[in-house]
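Read off the chains here:
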Amino acid sequence: MLKNHRTVVAFISLFLLFQVAVGADTVAVNVGMVPDAGATQVSIKEKAPLKAYLEQKLGRPVNLIIPTNYNATVEALGNGSLDFAYLGGLTYIKAHARYNVVPLVQRSSDLQFRAYFITSSNSSIHSLADLKGKTFAFGDINSTSGHVMPYLEMRQAGVDPNTYLKYRYTGSHPATAKAVESGAVDAGALDETVYQSMIAEGKLDPNKVRIFYKSKPFVDYVWVARKEVDPATQEKFAQAFTDLKEGQDEEVLNILRGKNFVRANNEEYTVLRLVAADLKMF
Amino acid sequence: MPGLESALSLLRQFFPPDLSFSYIRAETAPLFETLEIAAGAMFLALIIGLLFSLIIGARLPGSRALYGLLTTFRSIPDLTLAILCVVLVGLGPSAGTLALTLFYSAAMGKIFADLFSSADPGAIEALHATGATRSMIAFYGLLPLRLKDLLTYGGYEFESAIRASVIVGAVGAGGIGTELVGSLNMTDYHRATTLIIMLVALIAAVDFLGFYVRRQPKLLLVLAAFGAAAAWHHWPHLMVVTQALKTFRTMVPPQLPAEAVRELPTLIGQTLLIAIGGTLMAVICALPLGVAAARNISPLFISFPVRRLLEALRAVPEIVWGLILIGIAGLGPKVGILALGLHSAGALGKLYAESLENVAAEPVMAMASTGGSTLSIAGFAVLPLAFAPMTVHTLFRFEWNMRAATIVGMIGAGAIGGALFNAQQLFFYRQMMAYVLITWAMIMITDAANVRLRKYWRVSEEL
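Residues numbered from 1 in each chain as written. Chains lettered and ligands numbered in written order. Predicted model: local features only at pLDDT ≥ 70, side-chain atom pairs only at ≥ 80, totals over all residues. Heavy atoms only, no water.

Overview of the interface of chain B and chain A
Defined as follows: Pairs of residues are marked as contacts when any of their non-hydrogen atoms sit within 4.5 Å. Here the quantity called buried area is the total loss of accessible area, with a 1.4 Å probe, experienced by two parts when brought into contact, counted for both. By definition, a salt bridge exists where a carboxyl oxygen of Asp or Glu is found within 4 Å of a side-chain nitrogen of Lys or Arg. In this classification, the charged set is Asp, Glu, Lys and Arg, the nonpolar set is Ala, Val, Leu, Ile, Met, Phe, Trp, Tyr, Cys and Pro, and all remaining amino acids, among them Gly, are polar.
At the interface, 53 residues of chain B touch 57 residues of chain A. Overall, the association of chain B and chain A removes approximately 4500 Å² of surface from exposure, summing both partners, and the carbon and sulfur fraction of that is 65%. For chain B, the biggest contributors to the area lost against chain A are B:Leu91, B:Leu331 and B:Phe427; these three give 16% of the whole. Inspection of the chain B/chain A interface yields zero salt bridges. Looking at the side of chain B that touches chain A residue by residue, the classes come out as 30 nonpolar, 18 polar and five charged.

Quick notes on the domain arrangement of chain A
Residue and element names in this part refer to chain A. We count it as follows: Segment limits for the domains were obtained from an automatic or database-derived domain assignment. Nitrogen and oxygen atoms within 3.5 Å of one another constitute a polar contact, given that in protein one can donate a hydrogen and the other can accept it, and given that sequence-neighbouring residues count only through two side-chain atoms. Each helix corresponds to a stretch of at least 4 residues labelled H or I by DSSP, and each strand to a stretch of at least 2 residues labelled E; elements are numbered beginning at the N terminus.
Each assigned domain of chain A is listed here: domain 1 (29-110 + 220-278) and domain 2 (114-214). Here domain 1 and domain 2 have C-alpha centroids that lie 25 Å from each other. Around 1300 Å² of area is buried between domain 1 and domain 2 when both sides are counted, 55% of it from carbon and sulfur atoms. Among the residues of domain 1 in contact with domain 2, Tyr70, Leu90 and Arg257 are the three that bury the most area, contributing 36% of the side total. Remark: the boundary between domain 1 and domain 2 carries two salt bridges. The interface formed by domain 1 and domain 2 includes seven residue pairs in polar contact (both at pLDDT 80 or more). At the level of elements, helix H4 (70-78), helix H5 (89-99) and helix H12 (270-278) are the ones that each hand at least two residues to the side of domain 1 that touches domain 2. The element contributing the most residues to the side of domain 1 that touches domain 2 is H5, with four residues. Here the side of domain 1 that touches domain 2 is built from residues that sort into seven nonpolar, five polar and six charged.

Things to note about the domain arrangement of chain B
All names here are of chain B. Taken domain by domain, chain B comprises domain 1 (14-249) and domain 2 (258-456). Across the boundary between the two partners, domain 1 contributes 25 residues, which contact 24 residues of domain 2. In total, about 2100 Å² of surface goes out of reach between domain 1 and domain 2, with carbon and sulfur atoms giving 84% of it. Applying the counting criterion to the domain 1 and domain 2 interface returns zero salt bridges. Our count for the contact surface shared by domain 1 and domain 2 stands at two residue pairs in polar contact (both at pLDDT 80 or more). Listed by contribution, the elements that provide at least two residues to the side of domain 1 that touches domain 2 are helix H3 (63-74), helix H4 (78-89), helix H7 (134-168), helix H8 (175-185), helix H9 (189-215) and helix H11 (238-249).

Digging into the packing of aromatic side chains
All names here are of chain A. Inclusion rule: Centre distance within 6.5 Å is the pairing criterion for rings of Phe, Tyr and Trp, where only the six-membered ring of Trp is used; planes under 30 degrees apart are then read as stacked, over 60 as edge-to-face, and the remainder as tilted. Here's how the labels work: a residue is buried when its accessible area is under 20% of the maximum for its type, exposed when over 50%, partly exposed in between, all with a 1.4 Å probe on protein chains only.
Considering all chains together, one arrives at 25 aromatic pairs over all chains under this definition. For the ring pair phenylalanine 138 and tyrosine 151, a centre distance of 6.0 Å and an interplane angle of 40° mean the geometry is tilted. Placement of phenylalanine 138 in strand S6 (residues 135-138) and of tyrosine 151 in helix H6 (residues 144-156) is noted, with a sequence separation of 13 residues between them. Neither residue differs from the other here; phenylalanine 138 and tyrosine 151 are each classed as buried.

Considerations on helix H12 (residues 258-293) of chain B
Note the following rule: To estimate how far a helix should reach, multiply one less than its number of residues by 1.5 Å. The angle between axes fitted to the seven residues ending at a residue and the seven residues starting there is what we call the bend at that residue.
With 36 residues, H12(B) ought to run about 52 Å at 1.5 Å a step, and its terminal C-alpha atoms sit 51 Å apart, in line with that. Largest kink in H12(B): about 40°, centred on B:Leu264, with the proline B:Pro265 one to four residues after it.

Looking at the pattern of salt bridges
In a structure, side chains of opposite charge can pair up when their charged atoms sit close to one another. As enumerated under the stated definition, the model contains 22 salt bridges over all chains in all. A salt bridge links B:Arg307 to B:Glu357, with the shortest nitrogen-to-oxygen separation between them at 2.7 Å. Taken together, the residues B:Arg307 in helix H13 (residues 300-315) and B:Glu357 in helix H15 (residues 333-357) connect sequence positions 50 residues apart. Exposure remark for B:Arg307: the relative accessible area of 17% places this residue in the buried category. One network of salt bridges, in which partners are shared, links A:Asp83, A:Arg226, A:Lys227 and A:Glu228.

This is the structure in structure tokens:
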């Protein structure tokens, strides 16, 4: 019996020891971003200046979280693992319909956003009509500029992806760009700002890929709050973004791939709702 | 299909791996998280599985229904469960822990129950005669009788849980799998290679640890305490649980829209194609590799490197092979076939080699004494003798690959897994549940067909 006793004591003390080792939760603001450009420890580290900026403006510690896909970001707002999040257009309308999230701010460019259609520089594709019979890459299935709007324009151009193309979802905009650059697919569609920053940072070779079509403008990304977050904190969060100024907060603005922020509202997304419903994505 | 040249140039981008100290240090946290998911889930699964199996072993009321439930649950692939759990409790290690707890509670419950049912009936009768209740028989009779086997199987399951905890990360359930998918999405191939190396090292370390724990069962106490702490840490919060129940209500009843029903035969066809094609490719590769790895046929300078190659092939799970290949081989079921083929070639190659090494010595000797060449001995004595066990291994592999084929589609290889993943991503949860049910039915049917096939060929399941 004594031996058993000792085993139990050993178990409990080891349990407590490991408890300290695996760490405790802190009371922090949880801020999430859709993985439009990757979801790793590295990409979170790269966004350290944004985290520091938000901590300073909110006066509270911030956890910056990038879930692996768009769906998980929305569900995290639903179950309370995230307080604020950066969503794409389609994910916003879904998050709003499911969990009544509050739209706060967006880049002024998000109101006039475009998707780029790219192909390899020596390919025979020069228009949407040339895509017939080719292989194609979309980004995440829930991405507005990487799936919904390109899909719509392809259909309008008479090239319904379901009938005329073989396509797949790469999961992110950079992956689409790379799949086109390497020749794994003939063409792809992606977010214009991701394309530009990949070229600027040397992550994509401008000699190997070219843009063959730019979509019509649409409304895209937005920062939202979970509806239970108190209004004062919501206001502070929105203010932090509208306070960003070119020339002064360059580092943070580069991470956000924008120039300035404006207030967002739910009505902007009326057209997107109709489009998404028509394409059976909403 | 892109040209071989561009495929090779993409493959070259995976080298050299990023072995910088700062990167490896940054990735130790997700690696540790993977270990936590596996240990936490196994700790809970061991308790739950043991409890269930004792109920079944003691034939307490409801034990038949419970056994049926365990068999059913075991037929849902781990990654499918992980997707469900990610939807229910959100991203991160909580979902992974929950998914693996469910999967391994059922797996171990069933294995342990089978072990108990083959326990020495004499000892149980004796206990019964003393007037012991059924639960007392279970606790004082069944448990001590089978403790050693429980430890052995528990060890094997833990190794398999480590692989599974990497895989569930691919759908966002935390750990190093999540990092790997993220790196590949970011086209950060050098770092993807680093992560694959880290994962192979982790699996090797766990294999090694398993060896020690089996010899020194006391070490199990440390592992159990670590598992308990990890489970405590990662168990979903109460608020998440209430939300999960709400979300679950949006998943039932399962429903498929008309277009999806029309697609269904194609999806099932693609899944079968991946399972059959993958197994076929594995057999074609594993036959020469197995012969080359068999130490009674091939000289050491061939068998040694071939064995290491087989280890490397099977250390990388199908899903991870798929993630690498999707960038190289483009899209569609061929990615799934290649992914299953490579992993299974490693697994089957090893089993074939063992079957060839385990043939009875006498007939081979007799053949050798007639002056037959090495090749003719291999062809006319060793191979025919090893044929039966090799067939059984292949059949089991097909059963395994059927499961794998339903999940490998999730990473872009189409088939039923792809449809399931897309439905989940688009929040069409009732449609997703319909695909979960179809997946489950497909696996139940192949499992049952395989059992019949083995009976028909009168090959024992004990091999």
